[in-house]
Amino acid sequence: MNPYIWAILLFSLGLGTTITLTSSHWLFAWMGLEINTLAILPLMAQQHHPRAVEATMKYFLTQATGAATLLFASTTNAWLTGQWDILQMTHPLSITMVILALSLKIGLAPLHTWLPEVLQGLDLTTGLILSTWQKLAPFALLLQIQPTNPLILVMLGITSTLVGGWGGLNQTQLRKILAYSSTAHLGWMILILQFSPSLAFLTLITYLIMTSSTFLVFKLNKSTNINMLATSWAKAPALTTLTPLILLSLGGLPPLTGFMPKWLILQELTKQELAPIATLTALTALLSLYFYLRLTYAMTLTMSPNNVTGTAPWRLPSLQLTLPLATLTTMTISLLPLTPTIMTLSIL
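The name given to the protein in an unreviewed UniProt entry is NADH-ubiquinone oxidoreductase chain 2, with the source organism recorded as Epinephelus coioides x Epinephelus lanceolatus. Check the Function (unreviewed entry) section of the UniProt entry for the protein; it says "Core subunit of the mitochondrial membrane respiratory chain NADH dehydrogenase (Complex I) which catalyzes electron transfer from NADH through the respiratory chain, using ubiquinone as an electron acceptor. Essential for the catalytic activity and assembly of complex I." You can read under Subcellular location (unreviewed entry) in the UniProt record for the protein the words "Mitochondrion inner membrane".

Novice: How should I be thinking about the overall build of the protein in this particular structure?
Specialist: Along its length, the protein carries 17 helices and zero strands. In terms of overall size, the protein behaves like a compact globule, its C-alpha atoms giving a radius of gyration of 20 Å where 348 residues would be expected to give roughly 20 Å. The dimensions of the protein, computed from C-alpha atoms along their principal axes, are 70 × 50 × 35 Å. Here the protein holds 348 residues, and 52% of them are scored as buried. When contacts within the protein are restricted to residue pairs at least 6 apart in sequence, long-range pairs at least 24 apart make up 77% of them. A total accessible area of about 15,700 Å² is found for the protein, and carbon and sulfur atoms account for 71% of it. Charge centroids of the protein, computed over 13 positive and 7 negative side chains, lie 16 Å from each other.

Novice: Would you take a moment to explain the nonpolar core for this structure?
Specialist: Nonpolar side chains in soluble globular proteins tend to be buried together. Counting 91 residues, the largest nonpolar core has Trp26 and Phe218 as its most contacted members. With 13 residues, the single largest contributor to this core is helix α10 (residues 197-221). When residues are assigned to domains, this core turns out to be shared by domain 1 (1-148) and domain 2 (151-305 + 322-342), each giving three or more. If we ignore the near neighbours within four places in the chain, the residues touching Trp26 are Leu70, Ser74, Trp84, Asp85, Ile86, Met89, Val98, Leu141 and Ile145.

Novice: In this structure, what is going on with helix α6 (residues 124-131)? I would like to understand it.
Specialist: An α-helical turn contains 3.6 residues, so any two residues separated by three or four positions project in the same direction. With seven of eight residues buried, α6 is to be regarded as a mostly interior element. Considered for burial, the residues of α6 that qualify are Leu124, Thr126, Gly127, Leu128, Ile129, Leu130 and Ser131. Looking at the buried positions of α6, the neighbouring elements they touch are α1 (3-22), α2 (26-45), α3 (50-81), α5 (114-120), α9 (174-193) and α10.

Novice: Can you help me understand the environment of Leu269 in this one?
Specialist: In this fold, Leu269 is placed in helix α14 (residues 259-271). When the C-alpha atoms of Leu269 and Thr279 are compared, they prove to be 9.5 Å apart, with 10 residues separating the residues in sequence. With sequence-adjacent residues up to four places away left out, Leu269 is seen in contact with Leu191, Ile192, Phe195, Leu274, Ala275, Ile277, Ala278 and Thr281.

Conventions used here
Residues numbered from 1 in each chain as written. Predicted model: local features only at pLDDT ≥ 70, side-chain atom pairs only at ≥ 80, totals over all residues. Heavy atoms only, no water. UniProt positions renumbered as here; feature names shortened; annotations may be inferred. Helix = DSSP H or I, 4+ residues; strand = E, 2+ residues; numbered from the N terminus. Rg over C-alpha atoms; globule rule 2.2 N^0.38 Å. Buried < 20%, exposed > 50% of the residue type's maximum accessible area, 1.4 Å probe, protein only. Contact = heavy atoms within 4.5 Å. Areas by Shrake-Rupley, 256 points an atom, 1.4 Å probe, with all protein chains shown as cover. Lys, Arg positive; Asp, Glu negative; His and termini not counted. Charge placed at Lys NZ, Arg CZ, Asp CG, Glu CD. Core = buried A, V, L, I, M, F, W, Y, C linked by side-chain atoms within 4.5 Å. Domains from an automatic or database assignment.

In structure tokens form, the structure reads like this:
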């Protein structure tokens, strides 16, 4: 792709998200989401592969449906209450429709079915943008909505953690596993959103760091399925030693960074006298942990088949920048001791 076009598309991505983040009017928020969607479509379809074009079309239809529902909900709210302000949305019907529209846009269960299929059709770079940057604008709108009935967010959160863990168990494609991982992590964020918005935001930041480092590891190794992970020890032995820690951090094991948001969320749910929901959510995390352990096992304890039908690929040097990967990996592994400082900053 022409670098000028690439720069314009990336600028449009940033502009769309910024418009949504800074808007207080529903029409401007909707406009930012639309710019965001239209900017990423050429990036998704640039491979000119049937799978990429199919994924682009699925993504476009899904996002258009979510945006239309969002516009309809905000118009209904303006008709019923006379308010276009995001913070002034008070009617239960409009709030429910907006929550469902934004859930569709970010891939929360049970509106998640497009996400694994779309992510599987993309290359790892575009998949990284889709799994991280594209979550920011809808999540910012969810943070500003105060639901009249808290049950809807709790149900969405529980369903997402359950489906995200369950769906990834039988997958062999890394991008589909990361899609289900995304759904599970978003479930944790939505679950705590109404009780502690600052904690939901902290969970989002840690999710972005951990997912970015995982995508960059797979991109460096050119791995797209579990079997290809077994050749990574010969390509980058030092990175192969650290990658299990990244995956276990995504799973939420102490003493890694991924344990911090889950620990704080379970603590907050218990304070809100929701101990049964906290227990159920902790159990669903075990489902996710299983497939992270599968990836860890495949990467460190298995060797690639070296027969006629399964010869190892050429170990060509990668041209990828390693500084972002090194920074994100360090943060993914070692931020847990800084939890008090991070909590203080997030409250401020």
